[in-house]
Amino acid sequence: MQKKYHIVTYGCQMNVHESEKIAGILHKMGYEETAEKENADIILFNTCCIRENAENHAFGNIGALKKLKKANPNLLIAVGGCMTQEKGKTDVLKKKFPFIDIMFGALNFEELERLIIKKQAQKKKVIEIREKEGEIVEGLKPFRTSYPNAWVNITYGCNNFCSYCIVPYVRGRERSRKMANIIAEVESLVAEGYKEITLLGQNVNSYGNDLNDGSNFATLLDKVASIEGKFRLRFMTSHPKDFTEEVVSVMKKHDKICKCVHLPVQAGSNRILSLMNRRYTREKYLEEVAFLRKALPQAEITTDIIVGFPTETEEDYLQTEDLVKTVGFASAFTFVYSKRQGTKAAEMEGQIDEATQKDRIMRLVALVNSLTREKSQKYIGKTVEILCEDYDEKKGLYLGRDEFGRMGYFSSKENKIGEFVNLKILSANGISLHGELTD
Ligand code: 5AD
Ligand code: SF4
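Residues numbered from 1 in each chain as written. Chains lettered and ligands numbered in written order. Predicted model: local features only at pLDDT ≥ 70, side-chain atom pairs only at ≥ 80, totals over all residues. Heavy atoms only, no water.

I'd like to hear about the site of ligand 1, residue by residue, with values.
Taken together, the residues surrounding ligand 1 are Ile50, Arg51, Tyr164, Gln266, Asp304, Ile306, Phe335, Val336, Tyr337, Ser338 and Arg340. The side chain of Arg51 places a nitrogen or oxygen atom 2.9 Å from an oxygen atom of ligand 1. Here an oxygen atom of ligand 1 and a side-chain polar atom of Asp304 are 2.7 Å apart. For ligand 1, whose accessible area on its own is 400 Å², the fraction buried by protein is 87%. If you list the elements that add at least two residues to the shell around ligand 1, you get β13 (300-307) and β14 (331-336). Counted by class, the shell around ligand 1 contains 6 nonpolar, 2 polar and 3 charged residues. (Near = heavy atom within 4 Å. Polar contact = N/O pair within 3.5 Å; in protein donor to acceptor, adjacent residues only side chain to side chain. Areas by Shrake-Rupley, 256 points an atom, 1.4 Å probe, with all protein chains shown as cover. Helix = DSSP H or I, 4+ residues; strand = E, 2+ residues; numbered from the N terminus. Nonpolar A, V, L, I, M, F, W, Y, C, P; charged D, E, K, R; others polar.)

Structure follows, in structure tokens:
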């Protein structure tokens, strides 16, 4: 019987795509996927450590495997990702969950095949975490699970050291993939029929800084958008300090590039932005937004916001609210500040109490939701192009997104997954739209 794997993924798109690469390694080794943990020969956790609740979540789910491992001692349990990469975390995991067989890190998941073989040959657990980032590994074929969308890494790691963020400590310095490798990957994805390509990096706009061959993000974007075929092109994430006019003009040049930018602002107060080490001001951010909208009037902006950062006063928080209203984001991911060991902000005085953090996040979420609802209402009566990406069994409806990432539902007798369809919007419910096919 074919061996089976089950992967549990936490965190961002970067991790979701990394799990596709891990799945690719397992398929090459002869494993196939199972949705049931109980049927698996190997269960892998691809963890995230960006906020404490992501860690707690993983801890809870790993702990819950104790019984399964006892009932089936041949089951392999592997834990990798950002959390194992944190200083001292493997010791904590070893103590708490002695039944884990393999631990690997975000910086060496490519070695998984060797680690599994090593474990199968010995009784002792295998713990191999790479401390420093190495050369970029090319040639791993991901087992992609999200057709018609495909993610393509362009950079790994981050050089920014925002004071709250653990990413630069666990994912190392920024490394850019060679442009030729990225282009070849996108070309083959388009040839395979993928319809939406998202270029991924912690800070896509600094792509190429480490290559010293003159490549930058604008030239990469231009080249990728010039690949023949009908597909959409997105990119994530843009740091406002590096978002250039050159990138905006490339966006303008190509219809394929979605006129939608994820531009995390994090806070609306200059004092907090400076403590966060974001290296832009509120004014600079608003200037960029104005520039983008002047060049591309239809452009939508999405963002990330943190509330309850150390020393944040009510006045600071209200400046965030004010900025949210001024920009009119299409959507926003909102987070409560989470103290991460080893970061500068963890050492700051003036950590904010939980009740204040809760109060601010609730107010912010209400504001963001009301703005998003308002935007949704404006869609009613319009026809939008949706890339159909899935079928919702419960609702009995197909669903997909428009160029701005807005979700649209519709019914169809034929399978539309992977097709661009025109949808006349009849109603809007919160952030999602409902419509009927016009063709
Ligand atoms: N606490 C809360 N949110 C954080 N983020 C990063 N680090 C933290 C933290 N310590 C958020 C930022 C970032 C997004 C990916 O996660 O908003 O843009
Ligand atoms: Fe973290 Fe800042 Fe790098 Fe984003 S840019 S990964 S928030 S350090």
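Please set out the pattern of salt bridges residue by residue, giving values where relevant.
Counted under the stated rule, the structure contains 31 salt bridges. Between Arg114 and Glu128 there is a salt bridge, and its shortest N-O distance comes to 2.7 Å. Of this pair, Arg114 sits in helix α6 (residues 112-121) while Glu128 is found in strand β6 (residues 126-128), placing the two residues 14 residues apart along the sequence. Here Arg363 and Asp359 are joined by a salt bridge, their closest N and O atoms 2.7 Å apart. (Salt bridge = Lys/Arg side-chain N within 4 Å of Asp/Glu carboxyl O.)

Mind laying out the side chain of Asn108, listing which residues take part and the relevant values?
Tracing the backbone through its elements, the reader meets Asn108 in the loop between β5 (102-104) and α6. By relative accessible area, Asn108 is classed as buried at 2%. There is a polar contact of 2.7 Å between the side chain of Asn108 and the backbone nitrogen of Gly105. Each residue touching Asn108, except ones within four places of it in the same chain, is listed here: Leu115, Glu128, Ile129 and Arg130. (Buried < 20%, exposed > 50% of the residue type's maximum accessible area, 1.4 Å probe, protein only. Contact = heavy atoms within 4.5 Å.)

Please set out the domain arrangement of the protein residue by residue, giving values where relevant.
For interface size, the figure often reported is the accessible area lost on association. Its domain assignment divides the protein into domain 1 (4-128), domain 2 (149-377) and domain 3 (383-437). In this structure, domain 2 and domain 3 have C-alpha centres spaced 26 Å apart. Summing the contributions of domain 2 and of domain 3, the shared interface buries around 1400 Å²; its carbon and sulfur component is 52%. Looking only at domain 2, the three residues that lose the most surface to domain 3 are Lys195, Arg232 and Ser376, adding up to 39% of its buried area. The shortest N-O distance in the salt bridge between Lys230 and Glu385 comes to 3.2 Å. Contributions of two or more residues to the side of domain 2 that touches domain 3 are made by β11 (232-236) and α14 (354-377). Here the side of domain 2 that touches domain 3 takes 5 residues from α14, the largest share from any one element. Within the side of domain 2 that touches domain 3, the residues separate by chemical class into 5 nonpolar, 5 polar and 9 charged. (Domains from an automatic or database assignment. Buried area = accessible area lost by both parts, 1.4 Å probe.)

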